[in-house]
Amino acid sequence: MRRLSGKPFSVTALNRPRSSSKCFCLRKNDNFILSEGSKVLPLRSVRWLFSGSSNSLPPPEWIEPFNDVSDLVKPSRTLDPSPWVKQILNLLDGSDSMESNLDSFCRKFLIKLSPNFVSFVLRSHEVRERQHVVAWRFFNWAGKQKKYTHNLECYVSLVDVLAIAKDVERIRSLCGVLRRMEMSMSVCSANELIKSFGKLGMVEELLWVWRKMKENGIEPTLYTYNFLMNGLVSSMFVESAERVFEVMESGRIKPDVVTYNTMIKGYCKAGQTQKGIEKLRDMETRGVEGDKITYMTVIQACYADSDFSSCVALYQEMDEKGIQVPCHAYSLVIGGLCKEGKLNEGYAVFENMIRKGVKPNVAIYTVLIDGYVKFGSVEDALRLLERMMREGFEPDVVTYSVVVNGLCKNGRVEEALGYFETCRFKGLAINSMFYSSLIDGLGKAGRVDEAERLFEEMSEKGCTRDSYCYNALIDAFTKCGKVDEALALFKRMEEEEGCDQTVYTYTILISGMFKERRNEEALKLWEMMIDKGITPTAACFRALSTGLCLSGKVGRACKILDELAPMGVILDAACEDMINTLCKAGRIKEACRLADGITERGREVPGRIRTVMINALRKVGKSDLAMKLMHSKIGIGYERMGSVKRRVKFRTLLESFDHDF
C-alpha cells in the first residue's frame, strides 16, 4: 500500500487495446481511476502514474518493517509489523536457493528491503531460533541490493545473533568493517555491542566501542557501565573492572546492585572470595541491598573454597533478611554441613526449607543421603530414601549409586545388589561409579568372580570403565592373591582402553607384590611410577617402606625417601610410619637404629622422633621400654666421652634388654 497526499492508494496494471501500450493507474476503494475519455467512473481528477511500452515497470520501492511509518511519531501507539516481514521470514529457510528465492520475490513485487527492515528481521525471534549462518547469509544478500548500505543497527543486530552462537570469527570480521566505516555511535548500539563483546570475552573490541563513545561525546549510562564491567569480569580483567567501579563511585552515576554483583562475581572467579565478601559488606554501608544473586555468588565461592561455615552464615543472613533462598543454595549449605560431619545441622536446614514452603528436589535428598552414608549412618540414609519416595520423588541413578556405595563400604553387598536390580528393572542407565562401588564391595567380600563378571558386563552395556573401576578390580585380585591377574589387568588398563594408571593403582599393586614376597617386582613398579612423573603419596610410600622394612631392607627405604626430597616430595609421616611398622613387627632394635639414622642425618627433630618411639612401643605392649625412654636422655640428651660431647643414641635403650631382641 502506498500513500499519495496522505491517502492510501495502490498501483495496478490495466490492459489497453492492442494499439495502445500498457499503463498504470491509481486504484481506490476497488474502483479504477482511468485516463481522460474513460467512461468507467466520473471522477474530478484523473492522472496516469506510469505509461509507456509494454515492458516498462515502476522502480522498486524501499519497504519498512511497519505498516505505517508516519505513526512512528506517536510512541503511545503499538505498531504492527508489516506483512512483508512474515513473507521474508518464510524465505529464510537456510536452503541452497535461499538467496535466489529472495531475489525472485523482490523482483516480483517490486520491493527492496530498507536497512531498518533488515535490522528488524535480524532481531526477530524466528531468525534467532534458526542457525546463525542463515542470518549471516541474509545480511550479505541484503548488502548486495542496489543503492543499499547497511546502517549501524544492521551490524549490531547481526553481532547479537552471532554472539548467541559464539561465532567469534565472523563477529571479528564485522567489527573490522565497522572500524573502517565512519558511523556515529548511539547509546543503544554501544550498549548492545558492549554486551555482546563482553559475553564472548572480546576485550579489544569492547574497549574500541568504549573509545568510540567518548569520541562521539556519548555519555555512558548505568547500563553501559554494567555491560562494560560484565565484559571485563567475564574475560578475567578484574583489575580493570575495579577501576571502572571506582570511577562510578566517584562520578555522577553510582553503582547499583547489578554493578556490585558483577564486581563480586569477578572477585569470586579470580579466587578472591574474601574481597567478594568485603564488597558485600561495602554494599550495606552504602545503602545498596544485596539480592539473592549477590548471596548465591558468594555462597558458591565459599563452597568451592570448602569454607562451609561462611556458607551457613550467609544462608542465615539471607533467611533473617527475608531474601528468598533458592533450592541450589539449600543444596550447597546442606552439602557443606554434611561434609563437615554436621549431619544434624544439615537435616535441620532441610526441615527449615520445607517449613518455608520450598520444595526439596532429588539433588537435595541425594546430598543429605550421601552425607549420612559417608559418616556411616546407613540406616538414616535408607530411612531418608524411603521418605523421599513416599513424598513422590523418584530417586535417580545418582541417588541409588550413593546408597549402593554406602552399603558396599559397610559390607552389606546383598542389599546393594538388590538396589542394582531395582535400577535395572526401572530402566535407569547405570553409570561407572555405580558399577565401581559394586565391584569394590564384591571384591572386599571375597566374591571376586562376581566382581569380574560385573566388570565385563560394563563393556557389554557400553559403560565407560574408568581408573576407579579398574582399581577396584585390581584391588580385589591382589587381596585374594591373584597378583598375576592384577598385573594383566594393569597392562590392559593402559594398552587397550587408554585409561590412566593413577598413584592409587601403583599403591595397590606395590602392596600386593610385597605381600606375595615379589619384592623386586614391587620396586620395578615404584620406578615405573616415578619415571612416568606420577607423584607418590604418603600412602604409596607407606606401602613401599612397609614392604622393605619387613623384608629387612630399611636402608633401601631410607635411601628412596632421601631421593624424593629433591623432587619436591616431602612425606611428613614417612619416618613415623617406618618406626611403627618395625615396632609392630617386634623389630625394636632395627627401629632404634632407624631412629638414630633419622636424627643423625637431620631428617627429623629428635624430640619428635623420641615421641614417635614412645608411642610405637606403647602400641605394641612394650610399656617398660616406653617408660625407660620417657625417663631418660635418650634421643634428646648428650653424654661426654672425654672431651667429646655426643647425643645419647636410641640403641642404648636396649642395652639391658639385648637378650629379648
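Residues numbered from 1 in each chain as written. Predicted model: local features only at pLDDT ≥ 70, side-chain atom pairs only at ≥ 80, totals over all residues. Heavy atoms only, no water.

1. Quick word on the overall build of the chain
Move 1: Counting secondary structure elements, the chain contains 33 helices and nine strands.
Move 2: A burial count over the chain gives 46% of its 661 residues as buried.
Move 3: When contacts within the chain are restricted to residue pairs at least 6 apart in sequence, long-range pairs at least 24 apart make up 58% of them.
Move 4: Working note: accessible area of the chain is about 34,800 Å², and carbon and sulfur atoms make up 50% of it. (Helix = DSSP H or I, 4+ residues; strand = E, 2+ residues; numbered from the N terminus. Buried < 20%, exposed > 50% of the residue type's maximum accessible area, 1.4 Å probe, protein only. Contact = heavy atoms within 4.5 Å. Areas by Shrake-Rupley, 256 points an atom, 1.4 Å probe, with all protein chains shown as cover.)

2. Section: the packing of helix α7 (residues 168-180) against helix α9 (residues 203-215)
Move 1: Here α7 crosses α9 at 25°, and the two axes come no closer than 11 Å. Between α7 and α9, the angle is such that the two are roughly parallel. Relative to α9, α7 is oriented so that their crossing is left-handed. For the pair α7 and α9, contact is made by Arg172, Cys175, Leu178 and Arg179 and by Glu204, Glu205 and Trp208, respectively.
Move 2: When the residues that make up the contact of α7 with α9 are grouped by side-chain class, the tally is three nonpolar, no polar and four charged. (Axes fitted to C-alpha atoms, helices over the stretch in contact; angles between N-to-C directions. Parallel < 35°, antiparallel > 145°, perpendicular 65-115°, else oblique. Left-handed = near helix turned anticlockwise from the far one by under 90°. Nonpolar A, V, L, I, M, F, W, Y, C, P; charged D, E, K, R; others polar.)

3. Quick look at the pattern of salt bridges
Move 1: Summed over all chains, the structure comprises 37 salt bridges.
Move 2: The salt bridge partner of Glu99 is Arg137, with a shortest N-O separation of 2.8 Å. On the criterion of sequence distance, the pair formed by Glu99 in helix α2 (residues 98-108) and Arg137 in helix α5 (residues 132-143) is long-range, its members being 38 residues apart.
Move 3: Between Glu521 and Arg518 there is a salt bridge, with its nearest N and O atoms 2.8 Å apart.
Move 4: You can call Glu521 partly exposed: its relative accessible area is 31%.
Move 5: Exposure remark for Arg518: the relative accessible area of 23% places this residue in the partly exposed category. (Salt bridge = Lys/Arg side-chain N within 4 Å of Asp/Glu carboxyl O.)

4. Structural notes on unusual backbone geometry
Move 1: The backbone of Met236 shows a phi angle near 65°, a positive value even though the residue is not glycine.
Move 2: Phi at Ser306 is positive, roughly 60°, even though this residue is not glycine.
Move 3: When you line up the elements, Ser306 lands in the loop between α14 (292-304) and α15 (308-321).

5. As for the confidence of the model for the chain
Move 1: Taken residue by residue, the chain gives an average pLDDT of 83. The fraction at 70 or more is 84%.
Move 2: Every residue in residues 1-54 is under pLDDT 50, and counting partners more than four places away or in other chains gives 79 contacts. (pLDDT = per-residue confidence, 0-100.)

6. What about the packing of α5 against α7?
How two helices sit against one another is set out by the angle between their axes and by the gap between those axes.
Move 1: Relative to each other, α5 and α7 sit at 25°, their axes nearing to 12 Å. Between α5 and α7, the crossing angle belongs to the class labelled roughly parallel. When the axes of α5 and α7 are compared, the crossing they make is left-handed. Counting all contacts with α5, which are made through His132, Val133, Trp136 and Phe139, the residues of α7 involved are Arg170, Ser173 and Leu174.

7. Topic: the nonpolar core
Move 1: Phe138, Ile510, Phe541 and Ile579 are the most contacted members of the largest nonpolar core, which has 198 residues in total.
Move 2: Among the elements that make up this core, the one with the highest residue count is helix α6 (residues 152-164) (nine residues).
Move 3: Here Ile510 is in contact with Ala522, Leu525, Trp526, Cys540, Ala543 and Leu544, once residues within four sequence places are set aside. (Core = buried A, V, L, I, M, F, W, Y, C linked by side-chain atoms within 4.5 Å.)

8. Concerning the environment of Val203
Move 1: Among the structural elements, Val203 can be located in helix α9.
Move 2: Expressed as a C-alpha distance, the spacing of Val203 and Met236, which sit 33 residues apart in the sequence, is 9.9 Å.
Move 3: Apart from residues no more than four positions distant in its own chain, Val203 is found in contact with Leu232, Ser235 and Phe237.

9. Overview of the packing of aromatic side chains
Move 1: Per the counting criterion, the structure on display carries 20 aromatic pairs.
Move 2: Centre to centre, the rings of Phe455 and Tyr470 are 5.0 Å apart; their planes meet at 75°, and the pair counts as edge-to-face. Separated by 15 residues along the polypeptide, Phe455 in helix α23 (residues 448-460) and Tyr470 in helix α24 (residues 467-479) bring together distant segments of the chain. For the pair shown, Phe455 and Tyr470 are each scored as buried.
Move 3: A centroid spacing of 5.4 Å and a plane angle of 80° characterise the contact between Phe490 and Tyr506, whose relative ring orientation is edge-to-face. Here Tyr506 lies in helix α26 (residues 503-515) and Phe490 lies in helix α25 (residues 483-495), a separation of 16 residues in the sequence.
Move 4: Take Phe490: its relative accessible area is 5%, and that puts it in the buried class.
Move 5: In textbook terms, an aromatic cluster arises when at least three aromatic residues are bridged by ring pairs, as seen for Tyr347, Phe350, Tyr365 and Phe393.
Move 6: One cation-aromatic arrangement involves Arg465 over Phe455; the distance from NZ or CZ to the ring centre is 4.3 Å. (Phe/Tyr/Trp six-rings, centres within 6.5 Å; stacked < 30°, edge-to-face > 60°. Lys NZ or Arg CZ within 6 Å of the ring centre and 35° of its normal.)

10. Points about the environment of Phe237
Move 1: Checked against the element boundaries, Phe237 lands in the loop between α10 (222-234) and α11 (238-250).
Move 2: Since its relative accessible area comes to 38%, Phe237 is described here as partly exposed.
Move 3: Sequence separation between Phe237 and Gly201 is 36 residues; the distance between their C-alpha atoms is 9.5 Å.
Move 4: With residues near it in sequence (within four places) discarded, Phe237 still touches Val203 and Leu232.

11. A look at helix α17 (residues 343-355)
Move 1: The end-to-end C-alpha distance of α17, which contains 13 residues, comes to 18 Å, matching closely the 18 Å that a straight helix rising 1.5 Å per residue would cover.
Move 2: Burial in α17 covers these residues: Leu343, Gly346, Val349, Phe350, Asn352 and Met353.
Move 3: Those residues of α17 hidden inside the fold are in contact with α15, α16 (327-339), α18 (362-374) and α19 (378-390).
Move 4: After α17 finishes, the residue Gly357 shows a positive phi value of roughly 85°. (Expected span 1.5 Å × (residues − 1).)

12. Considering α7
Move 1: Helix length check: α7 (13 residues) gives 19 Å between terminal C-alpha atoms against 18 Å at 1.5 Å per residue, within 8%.
Move 2: Looking only at α7, the buried set comprises Ile171, Leu174, Cys175 and Leu178. Looking down the long axis of α7, one finds its buried residues gathered within 105° of arc, a one-sided arrangement. Of the exposed residues in α7, the ones pointing more than 90 degrees away from its buried face are Glu169 and Arg180.
Move 3: Those residues of α7 that are buried lie in contact with α5, α6, α8 (187-199) and α9. (Arc of directions from axis to C-beta.)

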